[in-house]
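Summary of structural features
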Amino acid sequence: MVSPVLYQSRSRSDDPFEAAADAGVLRVMSDSRTPVFLTVHARGRRRYGYWQPYDHIADRGGCYVALPTPVCDRLYSQGRITLGDPLVDPGKTTYRVRPANDPVAPVRIPVAPLPAVAAAQTLAA
């Protein structure tokens, strides 16, 4: 018999595929060569995507690539991506999508100041 304590079911948020999808989408958005845009159509449909340039060596590309909307919406709700200024057309609104910059404050380790004599001796050595 299987013990329920040892084999607990995982919640959907612990899904490793979800984390991999998030990482893949963020990797595309972090590449400055592939600007990602969100297009919100007049009827409310949203589409995240980018233009994939043609690669003559691999003989592929030259097409529009859509990113998974649920993944992008989750990243936006978590604050991991940001939207730029809107470009409004009669039938749609387009936003530039970028990864959110989470500036990390530098860690400062408090150091007791050295007496002037000790500092001079350290510099002289």
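Below or above, wherever it landed, is the structure these notes cover. (Residues numbered from 1 in each chain as written. Predicted model: local features only at pLDDT ≥ 70, side-chain atom pairs only at ≥ 80, totals over all residues. Heavy atoms only, no water.)

Some points on the layout of surface pockets
Let me state the cut-off plainly: Buriedness of a pocket was judged along seven lines, with at least five required to meet protein on both sides within 12 Å; pockets are open sets of points on a 1 Å grid over the protein atoms alone, cavities are sets where a 1.4 Å probe fits but cannot get out, and lining residues have an atom within 4 Å of a point. Grid points are joined across faces, edges and corners, and a volume is the space filled by probe spheres set on the points. When residues are grouped by polarity, Ala, Val, Leu, Ile, Met, Phe, Trp, Tyr, Cys and Pro land in nonpolar, Asp, Glu, Lys and Arg in charged, and all others, Gly among them, in polar.
Its volume calculated, the largest pocket comes out at about 220 Å³. Lining the largest pocket are D31, R33, T34, Y50, Q52, P53, D55, A58 and R60. In the lining of the largest pocket, the residues fall into 3 nonpolar, 2 polar and 4 charged.

A look at the nonpolar core
Filter applied, for reference: Take the buried Ala, Val, Leu, Ile, Met, Phe, Trp, Tyr and Cys residues and link them wherever side-chain atoms come within 4.5 Å; each set so joined is a nonpolar core. Burial classes: relative accessible area under 20% of the type maximum marks a residue as buried, over 50% as exposed, and values in between as partly exposed (1.4 Å probe, protein chains only). Working definition: helices are DSSP H or I runs of at least four residues, strands are E runs of at least two. Numbering for both runs from the N terminus. Contacts are assigned to residue pairs with any non-hydrogen atoms lying within 4.5 Å of each other.
Counting residues in hydrophobic clusters, the biggest one holds 14 residues, and the most contacted among them are V25, M29, Y48, L67, I81 and V97. When contributions to this core are tallied by element, the ones reaching two or more residues are α1 (16-30), β1 (36-41), β2 (46-52), β3 (63-67) and α2 (69-77). When near neighbours in sequence (up to four residues on either side) are disregarded, V25 contacts L67, P68, V71, C72 and L75.

A closer look at the packing of aromatic side chains
The following threshold applies: Classification of ring pairs rests on two measures: the distance between centres of Phe, Tyr or Trp rings, Trp counted by its six-membered ring, which must be within 6.5 Å, and the angle between planes, read as stacked under 30 degrees, edge-to-face over 60 and tilted in between. In this scheme, the term charge over a ring applies when either NZ of a lysine or CZ of an arginine sits within 6 Å of the ring centre and within 35 degrees of the ring normal.
Under the defined criterion, the tally for this structure stands at 0 aromatic pairs. A cation over an aromatic ring shows up here: R96 above the ring of F37, its NZ or CZ 5.8 Å from the ring centre.

Concerning unusual backbone geometry
A positive phi angle is found at D59, which is not glycine, with a value near 55°. Positionally, D59 belongs in the loop between β2 and β3.

Quick word on the environment of D22
The topology assignment puts D22 in helix α1. Along the backbone, D22 and C72 are 50 residues apart, and their C-alpha atoms lie at a distance of 7.8 Å. Not counting the four nearest positions on each side in its chain, D22 is found in contact with V71, R74, L75 and R80.

So, α2
Heads up, the rule is: The directions considered for the arc run from the helix axis to the C-beta atoms.
Buried within α2 are the following residues: T69, V71, C72 and L75. Angularly, the buried residues of α2 cover 165° about the axis, an arc narrow enough to put them on a single face. Facing away from the buried side of α2, by more than 90 degrees, are the exposed residues P70 and S77. G79 occupies a position one or two residues after α2 and carries a positive phi of about 80°.

Quick word on the pattern of salt bridges
Applicable threshold: A pair is scored as a salt bridge if a Lys or Arg side-chain nitrogen falls within 4 Å of a carboxyl oxygen belonging to Asp or Glu.
All told, the structure shown has 2 salt bridges when counted by the stated rule. Close ionic contact of R33 with D31 constitutes a salt bridge, the shortest N to O distance being 3.2 Å. R33 sits in the exposed class, given a relative accessible area of 69%. The exposure class of D31 is partly exposed, given its relative accessible area of 24%.

These figures come from the coordinates and say nothing about function on their own.
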